[in-house]
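Descriptive analysis of the structure
Residue strings, one per chain:
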Amino acid sequence: SRFLKSYSEVPAIADFVFGAVTKAIATVLTFPMLVLEVRMQSNRYRNRNIISEGIALYKAEGTEGLFKGFWPKMIMTVIYNAFFLMFYKKLEGPIQKLLVKLLKK
């Protein structure tokens, strides 16, 4: 393996994979908080703070309750973030060069 001279040499598929993996990790870590936030905003649940709501949800439904709706959200956000990072990183350099040329005129 050779040392990359610049970030622009990183293959697009690597950006895609990095974007997907990082978003998957973030989604796994933050999804229970999203579920609790939505439950508390719905006013159907009597607990007024997020900790007591989390404990009540876990006691009533277990880990499954904290991850309701997880897979649709995971698929949607991972695909979006993977493509976003890939295109962003590949277009970042050319757009910056174009802007520098336009501003010099």
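None of the values given here were measured: they were computed from a predicted structure. Once a new chain begins, its residue numbering starts again from 1 and follows that chain's sequence as written. This being a predicted model, a pLDDT of at least 70 is required before a residue's local features are given, and a value of 80 or more before pairs of side-chain atoms are given or counted; all residues contribute to the totals for chains, interfaces and linings. Excluding hydrogens and water, the side-chain figures rest on all heavy atoms present in the structure.

**Brief notes about the pattern of salt bridges**
- Salt bridge, as used here: a side-chain nitrogen of Lys or Arg that lies within 4 Å of a carboxyl oxygen of Asp or Glu. On inspection of all chains with the given rule, the structure shows 5 salt bridges.
- For Arg 39, the salt bridge goes to Glu 53, with nearest N and O atoms at 3.1 Å. Of this pair, Arg 39 sits in helix 1 (residues 12-41) while Glu 53 sits in helix 2 (residues 50-66), placing them 14 residues apart in sequence.
- You can call Arg 39 buried: its relative accessible area is 14%.
- Exposed residues in this analysis have more than 50% of their type's maximum accessible area, buried residues have under 20%, and partly exposed residues fall in between, with area computed by a 1.4 Å probe over protein chains only. In this structure Glu 53 comes out as buried when scored by relative accessible area, which is 2%.
- Across the pair Glu 61 and Lys 68 runs a salt bridge, and its minimum N-O distance is 2.7 Å.
- Residue class for Glu 61 comes out partly exposed when judged on its relative accessible area of 29%.
- Here the salt bridges do not stand alone but share partners, grouping Arg 39, Glu 53, Glu 61 and Lys 68 into one network. To qualify as a helix, a DSSP run of H or I must reach at least 4 residues; to qualify as a strand, a run of E must reach at least 2; elements of each kind are numbered from the N terminus.

**Points about the environment of Lys 90**
- With respect to the secondary-structure elements, Lys 90 resides in helix 3 (residues 70-104).
- On a C-alpha basis, the gap between Lys 90 and Ala 12 in space is 7.2 Å, while along the polypeptide they are 78 residues apart.

**Considerations on the packing of helix 1 against helix 3**
- Axes here mean lines fitted to C-alpha atoms, for a helix over just the part in contact, with angles spanning 0 to 180 degrees between N-to-C directions. One way to put it is that helix 1 packs onto helix 3 with a least axis distance of 7 Å and a crossing angle of 145°. Note that helix 1 runs across helix 3; the crossing there is right-handed.
- Polarity classes work like this: nonpolar for Ala, Val, Leu, Ile, Met, Phe, Trp, Tyr, Cys and Pro, charged for Asp, Glu, Lys and Arg, and polar for all others, with Gly in that last group. In terms of residue class, the contact of helix 1 with helix 3 is built from 15 nonpolar, 5 polar and 5 charged. By convention, the crossing between two helices is left-handed when the near helix turns anticlockwise from the far helix through less than a right angle, and right-handed when the turn is clockwise.

**Topic: helix 2**
- Multiplying 1.5 Å by the residue count of a helix minus one yields the expected span of that helix. The terminal C-alpha atoms of helix 2, which comprises 17 residues, lie only 12 Å apart, well short of the 24 Å expected from a rise of 1.5 Å per residue.
- In this scheme, the bend at a residue equals the angle between the axes fitted to the seven residues that finish there and the seven that begin there. Taking the largest bend as the criterion, helix 2 deviates by roughly 100°, centred on Ala 60.
- Buried within helix 2 are the following residues: Glu 53, Gly 54, Leu 57, Gly 62, Gly 65 and Leu 66.
- Contact definition: two residues touch when any of their heavy atoms are within 4.5 Å. Lining the buried residues of helix 2 we find helix 1.
- By the N-cap criterion, in which a side-chain oxygen at the helix start approaches the backbone nitrogen of a residue two or three places on, helix 2 is capped by Asn 49, the distance to Ile 51 being 3.0 Å. N or O atoms closer than or at 3.5 Å make up a polar contact, with two conditions inside protein: a donor-capable atom paired with an acceptor-capable one, and, for residues adjacent in sequence, both atoms drawn from side chains.

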